[in-house]
Amino acid sequence: MSSSTEYHYPVIGRRGTGGIFDRLPIQALEKDHPYQFALFILAFNAIQQRSDAPHVVEEPAATFMEIASIHGKPYVEWAGDRNKDISADYSPTDKKDTNPVPSRFGGYCNHGAVVFPTWHRPYVMLIEQSIGNIAEQLARDIEANNPDENGVWIKAAKELRFPYWDWADKDVPENGLPPVLYKEKVEIVAAGGKKQIVGNPLSFFSYVGGVPSDFSDEKDDTTGQVAYFSKWQKTYRYAYSTPDPEGSHIDLLQKAFKAGAKDLRRRVAHLFTFNDGRKFRDSYAESWDDFSNHTAESKREIDFVNRGSLEGVHDTVHLVTSTSKGGNGHMSYPDYAGFDPIFFLHHSNVDRLWYCLTESPKWLCGNGATPSNWMETGYEHDGEQYPWTQARGTYAQVYNEQLLPDGPLQPFRTGQGDYWTSSQARFLHEQSYPKYYSFPEFEGIKVDQAAATPQERAEARKRVQAYYDFDPQTKAKQVTSHTWKHLPVPSNDDPVVPSDHTVIPHYRTFVVHVKLLEHAYNRSYSFQLHHKGNANSSAQLVGTVTVFARPDQSPCKACAVRREAGSIIRGMIPIPPELIKSIIKSNGGAESGTTFDQTLAHIKGEFVGKLVDATGSELAAAEGGLEGKVPQNRSASRRVTPVQISLVSAAVAEHGKDNARPVYLCDWQHHDGIFNGGWLATHKDSE
């Protein structure tokens, strides 16, 4: 749609603040940087336009209401990118946008595409810029009225960068979310060193001017549970199904998040398990596709070594911070997620992981100063060139629009007036397009400084793997015994084993590969892998892969043919070696004459699969192993059945002379499907 006036608000980050400063963990900002934290809270309250917030004059396009509206609904042009020309042809009343299945997405955000990390980088920079600008105004006012504190507040404001929340930190399985993310009041330092209690802008956001007119309720017809998006005047996490809930139920949120935290940590660790000197895939462009997004558009025959994607891990955080059985909230719906303030701390951490994994100069990957995994202009398959696309379109992009490194990341414009591009969004080092932020040292790595040698780079990657609890050398010593001797591994002279490596005897690492239909349920849903429990291990949730999808309200949304041809969401769930040990031990192991094939059957047989929606309602279920078939009249429809849930394993080789180097995963083997007996429809939407 075109505007009557032309207006562009550039996203320039914290330019003019005297340097590049770190984004800090939110807990560290609160504990160790009291002046920065106070300004952050006050400024965030100001852009949320809270009634008790400081009243400062700021750019209208940089209010929280406007910034949050960019991601999904309302499907309107952002106030910071008004265009006289028809640069975006989306219209909620145009059949070209509403009638296709799935219908065209009317928000600006890019999901399920190679630009997922790059688009969200200037997005977080925008809120960082807005809060920082107001923080400087507040700091100047404080120092003007308190001359004894000159040089304290303005310095803090200039160094302030938007914090991140590391949801895969070591303490999360025990402590869950830090209180600063959900307490409705927070203590900050005030002028003169006094303490002040103020509203906490990280706990929720109240809509300014009322709920946008195109917000709609989402109802589960079977359970009757409703997310009252059209009526809720503020954002919620785990809210009860009522138009006027008492508030977010943090006890449910904490319980769910703690239960899934170990799986999140394992999945983050596996993002860092690529082998030295090898691409993730056949080309660097395909490697970027695998890492960057959950769809993986590039064609391939079979996927033995999928390590998961950054977007895939991100998807699970969206659902687990918002909904479960008995409650629901904004973060689990792409159209509304941007209005929950936790969204931006979440994405600041996603940005940090991207930087640590593929951007750190001479650190975790790449050859020389510029890591090589990148989208390029497309990929090659069987001698044919294919472009990257945004299949579902956005407010600014038509269906299947080609995505290029120098293509526009709308609606974000640079200081020169052009749209940001992925090439500009890439990298944070001093030679890159300026962004004015970095991240703190992590496991001995200062990400804006180069490693001296390939050895130093490799050792750093191993420390990161271990931090997120991927340490096969230690695990092998803890779990390997005579019961594991039937697990096959290649010999040291096998071509798959590097000449300077030695295979760890009788040890394999196991992963479950997951492929789900994105539009199966017309809403967000998850695959959950459960272990039944045995004599040596209690029943437990092993891991989750999430489909973060918006409901499709197009007139022909029931069109099964189009849904079956829709995109596939890929993910992976690492199986803890302790769990593999308990399964092997419970079934006798090598000492009882068990073969490897029998052990694979035992592993599969102790798994249960569930498909659950964002409210926690079970949609379908499956028993692992080959025994038993689901009756045809009770089987889940093909339109919702997972494309693939398979077991995969790899042998582990360690460097022969240097245990400080990361292990090398080799001899990948695909052990076929886990739930071959079929899926039982436990909800009408699966029939």
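Residues numbered from 1 in each chain as written. Predicted model: local features only at pLDDT ≥ 70, side-chain atom pairs only at ≥ 80, totals over all residues. Heavy atoms only, no water.

### Things to note about the overall build of the protein chain
Part 1 of the reasoning: Regarding its fold elements, the protein chain presents 17 helices and 23 strands.
Part 2 of the reasoning: For the protein chain, the proportion of its 687 residues judged to be buried stands at 61%.
Part 3 of the reasoning: Intrachain contacts of the protein chain at a sequence separation of at least 6 include 73% that bridge at least 24 residues. (Helix = DSSP H or I, 4+ residues; strand = E, 2+ residues; numbered from the N terminus. Buried < 20%, exposed > 50% of the residue type's maximum accessible area, 1.4 Å probe, protein only. Contact = heavy atoms within 4.5 Å.)

### A few points about the sheet that holds strand β15 (residues 501–517)
Part 1 of the reasoning: Pairing is antiparallel across the open sheet formed by 4 strands, whose spatial order is β18-β15-β21-β22. At either margin of the open sheet sits one strand with a lone partner, and together these are β18 (568–574) and β22 (664–673). Between one strand and the next, the sheet's axes are offset by a mean angle of 25°, whatever the strand orientation.
Part 2 of the reasoning: Here β15 runs beside β18; their pairing, made up of 7 bridges, is antiparallel. The partner of V514 across the bridge, within β18, is G571.
Part 3 of the reasoning: Lying over the sheet, helix α17 (residues 596–605) contacts β15, β21 (644–655) and β22, oriented at roughly 70° with respect to β22. (Pairing = 2+ DSSP bridges. Axes fitted to C-alpha atoms, helices over the stretch in contact; angles between N-to-C directions.)

### Regarding the packing of aromatic side chains
Part 1 of the reasoning: Summed over the entire model, instances satisfying the criterion amount to 45 aromatic pairs.
Part 2 of the reasoning: When the ring of Y123 is compared with that of F344, the centres are 5.2 Å apart and the planes differ by 65°; the resulting orientation is edge-to-face. Of the two residues, Y123 sits in helix α5 (residues 116–145) while F344 sits in helix α11 (residues 342–359), which places them 221 residues apart along the sequence. The exposure classification of Y123 matches that of F344, with both residues buried.
Part 3 of the reasoning: The ring of Y75 has K73 lying over it, and the distance from NZ or CZ to the ring centre is 5.7 Å.
Part 4 of the reasoning: The ring of Y419 has R413 sitting right over it, with the charged end atom 3.9 Å from the ring centre. (Phe/Tyr/Trp six-rings, centres within 6.5 Å; stacked < 30°, edge-to-face > 60°. Lys NZ or Arg CZ within 6 Å of the ring centre and 35° of its normal.)

### A word on the pairing of strand β17 (residues 540–547)
Part 1 of the reasoning: In terms of burial, β17 is a largely internal element, 6 of the 8 residues being buried.
Part 2 of the reasoning: Here strand β16 (residues 525–531) runs beside β17; their pairing, made up of 7 bridges, is antiparallel. By the bridge assignment, H530 is partnered in β17 with L541.

### Notes on the packing of helix α8 (residues 250–271) against helix α10 (residues 310–320)
Part 1 of the reasoning: In the contact formed by α8 and α10, the axes pass within 10 Å of each other and the chain directions differ by 175°. The angle between the axes of α8 and α10 places the two elements in the roughly antiparallel class. Residues L253, A256, F257, L264, R267, V268 and L271 of α8 touch α10, and the partners they reach there are L310, G312, V313, T316, V317 and V320. (Parallel < 35°, antiparallel > 145°, perpendicular 65-115°, else oblique.)

### A few points about α17
Part 1 of the reasoning: Considered for burial, the residues of α17 that qualify are F596, T599, L600, I603 and K604. Seen from one end, α17 has its buried residues packed into an arc of 135°, which puts them on one side.
Part 2 of the reasoning: Residues of α17 that are buried make contact with β15, α16 (577–586), β19 (607–613), β21 and β22. (Arc of directions from axis to C-beta.)

### Focus: the nonpolar core
Part 1 of the reasoning: One finds I26, F40, W165, W167 and F527 to be the most contacted residues of the largest nonpolar core, which totals 178 residues.
Part 2 of the reasoning: For this core, the element with the highest residue contribution is α5, accounting for 13 residues.
Part 3 of the reasoning: Counting residues in hydrophobic clusters, the runner-up holds 6 residues, among them A651, A653, Y664 and C666. (Core = buried A, V, L, I, M, F, W, Y, C linked by side-chain atoms within 4.5 Å.)

### Re the side chain of E149
Part 1 of the reasoning: On the secondary structure map, E149 appears in the loop between α5 and α6 (153–159).
Part 2 of the reasoning: At 2.3 Å, the side chain of E149 forms a polar contact with the backbone nitrogen of G192. (Polar contact = N/O pair within 3.5 Å; in protein donor to acceptor, adjacent residues only side chain to side chain.)

### Points about the sheet that holds β17
Part 1 of the reasoning: With respect to topology, 5 strands assemble into an open sheet ordered β17-β16-β19-β20-β23, the strand pairing being antiparallel. Bordering the open sheet on either side are β17 and β23 (680–681), each of which pairs with just one other strand.
Part 2 of the reasoning: When strand β20 (residues 618–623) meets β23, the two strands line up antiparallel, connected through 2 bridges. In the strand pairing of β23, A621 is matched with L680.

### Examining unusual backbone geometry
Part 1 of the reasoning: At the junction of K73 and P74, the peptide bond is cis and its omega measures out at -5° in the coordinates.
Part 2 of the reasoning: Secondary-structure assignment places P74 in the loop between α3 (64–71) and β3 (81–82).
Part 3 of the reasoning: That bond from Q410 to P411 is cis: its omega, 15°, falls within 30 degrees of zero.
Part 4 of the reasoning: Within the secondary structure layout, P411 lies in strand β12 (residues 408–413).
Part 5 of the reasoning: The residue D667 is not glycine, and still its phi comes out positive at about 55°.
Part 6 of the reasoning: As for its position among the elements, D667 is in strand β22.

### Some points on the environment of P201
Part 1 of the reasoning: Topologically, P201 is positioned in the loop between β5 (195–199) and β6 (218–219).
Part 2 of the reasoning: Once the C-alpha coordinates of P201 and F44 are considered, the two residues, 157 residues apart in sequence, prove to be 6.1 Å apart.

### Points about α5
Part 1 of the reasoning: Here α5 contains 30 residues, and its C-alpha end-to-end distance of 45 Å stays within 8% of the 44 Å for a straight helix at 1.5 Å per residue.
Part 2 of the reasoning: With 25 of 30 residues buried, α5 lies mostly within the body of the structure. (Expected span 1.5 Å × (residues − 1).)

### Regarding the pairing of β5
Part 1 of the reasoning: Of the strand pairs in this sheet, strand β4 (residues 185–189) and β5 are connected by 5 bridges, and their pairing is antiparallel. Each residue of the ladder has a partner; that of E187, found in β5, is I197.

### A word on the pattern of salt bridges
Proximity of charged atoms lets side chains of opposite charge pair with each other.
Part 1 of the reasoning: Under the defined criterion, the tally for this structure stands at 20 salt bridges.
Part 2 of the reasoning: D340 is the salt-bridge partner of R237, the closest N and O atoms lying 2.8 Å from each other. Taken together, the residues span a long stretch of sequence, with R237 in the loop between β7 (226–227) and α8 and D340 in the loop between α10 and α11 at a distance of 103 residues. Here the two residues R237 and D340 agree in accessibility, since each one is buried.
Part 3 of the reasoning: D469 is the partner of K475 in a salt bridge, and the nearest nitrogen-oxygen pair spans 3.8 Å.
Part 4 of the reasoning: We classify K475 as buried; its relative accessible area is 13%.
Part 5 of the reasoning: Each of R14, E136, R140 and K158 takes part in one network of salt bridges that share partners. (Salt bridge = Lys/Arg side-chain N within 4 Å of Asp/Glu carboxyl O.)

### Focus: the packing of α3 against α5
Part 1 of the reasoning: Two elements in contact, α3 and α5, have axes separated by 11 Å at closest approach and are oriented at 175°. With respect to their mutual orientation, α3 and α5 come out roughly antiparallel. Listed contacts from α5 to F64, I67, A68, I70 and H71 of α3 are W119, H120, Y123, L126, I127 and S130.

### Some words on the environment of G677
Part 1 of the reasoning: Relative to the elements of secondary structure, G677 occurs in the loop between β22 and β23.
Part 2 of the reasoning: We classify G677 as buried; its relative accessible area is 9%.
Part 3 of the reasoning: As a C-alpha pair, G677 and A622 span 55 residues in sequence and 7.4 Å in three-dimensional space.

### Some points on the confidence of the model for the protein chain
Low-pLDDT stretches of the model should not have their predicted coordinates read in fine detail.
Part 1 of the reasoning: Model confidence for the protein chain is summarised by a mean pLDDT of 87, while 86% of its residues fall at 70 or above.
Part 2 of the reasoning: Predicted confidence for residues 366–370 stays below pLDDT 50, and this span has 9 contacts to residues more than four positions away or in other chains.
Part 3 of the reasoning: Segment residues 554–565 is flagged for pLDDT under 50; beyond a separation of four residues in sequence, or across chains, it makes 24 contacts in the model. (pLDDT = per-residue confidence, 0-100.)

### Description of the environment of K195
Part 1 of the reasoning: Mapped onto the elements of the fold, K195 is located in strand β5.
Part 2 of the reasoning: Residue classification places K195 among the exposed residues on the basis of a relative accessible area of 57%.
Part 3 of the reasoning: For the pair K195 and A38, spaced 157 residues apart in the sequence, the C-alpha separation amounts to 10.0 Å.
Part 4 of the reasoning: When sequence neighbours within four positions are dropped, the list of residues in contact with K195 reads E187 and I188.

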